[in-house]
Amino acid sequence: MKAESNESLDLLSVFLTGIPGLEAQHGWLSIPFFTMYIVAIVGNSLIMAAVQADPALHEPMYLFLSMLAATEVGVSVSTLPTVMGILWFDAFQIDFDGCLTQMFFIHTFSCMESGVLLAMSYDRFVAIYNPLRYTAILTLPRIVSMGLVITLKSVTLMAPLPVLLRLLPYCHTNILSHSYCLHSDLIQLPCADTKLNSILGLAIVLATFGLDSLLIVVSYMLILYTVLDIASGEGRWKALNTCMSHICVVLVYCVPMIGVSVMHRTAKHASPLAHTLMSSIYLFVSPVLNPIIYSVKTKPIQQGIVTVLSCKRELL
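Residues numbered from 1 in each chain as written. Predicted model: local features only at pLDDT ≥ 70, side-chain atom pairs only at ≥ 80, totals over all residues. Heavy atoms only, no water.

- As annotated in an unreviewed UniProt entry, the chain carries the name Olfactory receptor and comes from Bos indicus.
- The UniProt entry for the chain carries this comment under Function (unreviewed entry): "Putative odorant or sperm cell receptor."
- Looking at the Sequence similarities (unreviewed entry) heading of the UniProt record, one finds this comment for the chain: "Belongs to the G-protein coupled receptor 1 family." (UniProt positions renumbered as here; feature names shortened; annotations may be inferred.)

What follows is the structure in structure tokens.
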């Protein structure tokens, strides 16, 4: 019986959803979507290349920024094949295992992004609370260890999700509400009890995004408390200014996520187009804006990117 179930899953297909009501305009809509993918992937890749190439950027703040850029590239690359496949080729169908694989990578990279944002908030706290021991506390081995822990935690927490979904029976039309595969969509498909999947999914969200968000808030409360103890107004502003880029990135990450969550729970009767647009905003805002924010507000990153581009131009 189990062999028959596995065989049926191998033949199972999942159907994704494009942009409801605008199917005829998919060709034109592919232009802004592809442009955003290019900006996200190239922009974040340039930040990683700049940090790697410039020894002056081998500091904790920029190493964490490089990790964040890597997670943004991962999220973008994970969704690109199905989103652009739908817009370019009307490829709405995806095999079940491919859908589970995409789901795993999307959620894993999103979890890693949350963990890196928390690490960056800790970095800013150390830089303001104990600037003299900043580099002594955040040494390269510790930064690498933090990155490995974030990666291992994300992979370990997300690995059970596709395994549990594959054990369930599927016996009806498998249509998802997005252009990519998410756990919240996939648990609606089985014709069996998915209570365990739902509980596990909620526990993972609370243990990652919920806990990370809480700790980020605590970090900034401690940062604010420390800044208020600084005697001069100029010193306070200088200390806060070192956190502005990270604050903007956290807001860019959290606001769309909260918006999608609130809309999903309070506006269930809104048009499918509205839900699709909100999901697209959540998908693209952070990867597209993060490299722009750091490129505009951080001069060393600007100089590093210019150096990388200059070297590539010379090679050509």
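Following the structure, the description resumes.
## Some words on the overall build of the chain
Here's step 1: Summing up its helical and strand segments, the chain has 13 helices and 2 strands in all.
Here's step 2: Taken against the 2.2 N^0.38 rule, which gives 20 Å for 316 residues, the C-alpha radius of gyration of the chain at 21 Å falls within 12% of a compact globule.
Here's step 3: With the principal axes as the frame, the chain shows a C-alpha extent of 70 × 45 × 40 Å.
Here's step 4: Going through the 316 residues of the chain one by one, you find that 44% of them count as buried.
Here's step 5: Sequence-distant contacts in the chain: of pairs separated by 6 or more residues, those separated by 24 or more amount to 77%.
Here's step 6: Of the roughly 16500 Å² of accessible surface on the chain, a fraction of 71% belongs to carbon and sulfur atoms. (Helix = DSSP H or I, 4+ residues; strand = E, 2+ residues; numbered from the N terminus. Rg over C-alpha atoms; globule rule 2.2 N^0.38 Å. Buried < 20%, exposed > 50% of the residue type's maximum accessible area, 1.4 Å probe, protein only. Contact = heavy atoms within 4.5 Å. Areas by Shrake-Rupley, 256 points an atom, 1.4 Å probe, with all protein chains shown as cover.)

## Describing the state of the cysteines
Here's step 1: Evaluated as defined, the whole model comprises 1 disulfide.
Here's step 2: Each sulfur in the disulfide pair C99 and C181 lies 2.0 Å from the other. Taking the sign of the torsion about the S-S bond as the criterion, the disulfide between C99 and C181, at about -120°, is left-handed. Placement of C99 in helix α4 (residues 96–129) and of C181 in the loop between α7 (160–166) and α8 (183–186) is noted, with a sequence separation of 82 residues between them. Assigned by exposure class, C99 and C181 land together as buried.
Here's step 3: Here C243 stays unpaired: no disulfide links it, and the sulfur of C248, its closest cysteine neighbor, is 11 Å away. (Disulfide = S-S within 2.5 Å.)

## Focus: the packing of aromatic side chains
Here's step 1: Tallied over the entire structure, the rule returns 8 aromatic pairs.
Here's step 2: On the numbers, 5.4 Å between centres and 70° between planes, the contact of F104 with F105 is edge-to-face. (Phe/Tyr/Trp six-rings, centres within 6.5 Å; stacked < 30°, edge-to-face > 60°.)

## What to know about the pattern of salt bridges
Here's step 1: Enumeration over the complete set of coordinates arrives at 3 salt bridges.
Here's step 2: Of the charged contacts, one joins R124 and D123 as a salt bridge, the two residues approaching to 2.9 Å between their closest N and O atoms. Considered together, R124 and D123 belong to a single accessibility category, that of buried residues. (Salt bridge = Lys/Arg side-chain N within 4 Å of Asp/Glu carboxyl O.)

## Let's talk about the confidence of the model for the chain
Here's step 1: Scored by pLDDT, the chain has a mean of 87; 91% of the residues are at 70 or more.
Here's step 2: Counted against residues more than four places away or in other chains, residues 1–5, with its pLDDT under 50, gives 0 contacts. (pLDDT = per-residue confidence, 0-100.)

## Let's talk about a nonpolar patch on the surface
Here's step 1: Judged by side-chain polarity, F34, I38, V42, W88 and F89 come together as a nonpolar surface patch covering roughly 510 Å² of accessible area.
Here's step 2: Elements with a contribution of two residues or more to the nonpolar patch: α2 (26–53) and α3 (60–89).
Here's step 3: Looking at the nonpolar patch element by element, the count peaks at 3 residues for α2. (Patch = residues over 30% accessible without salt bridge, like charges linked within 9 Å, V, L, I, M, F, W, Y side chains within 5 Å.)

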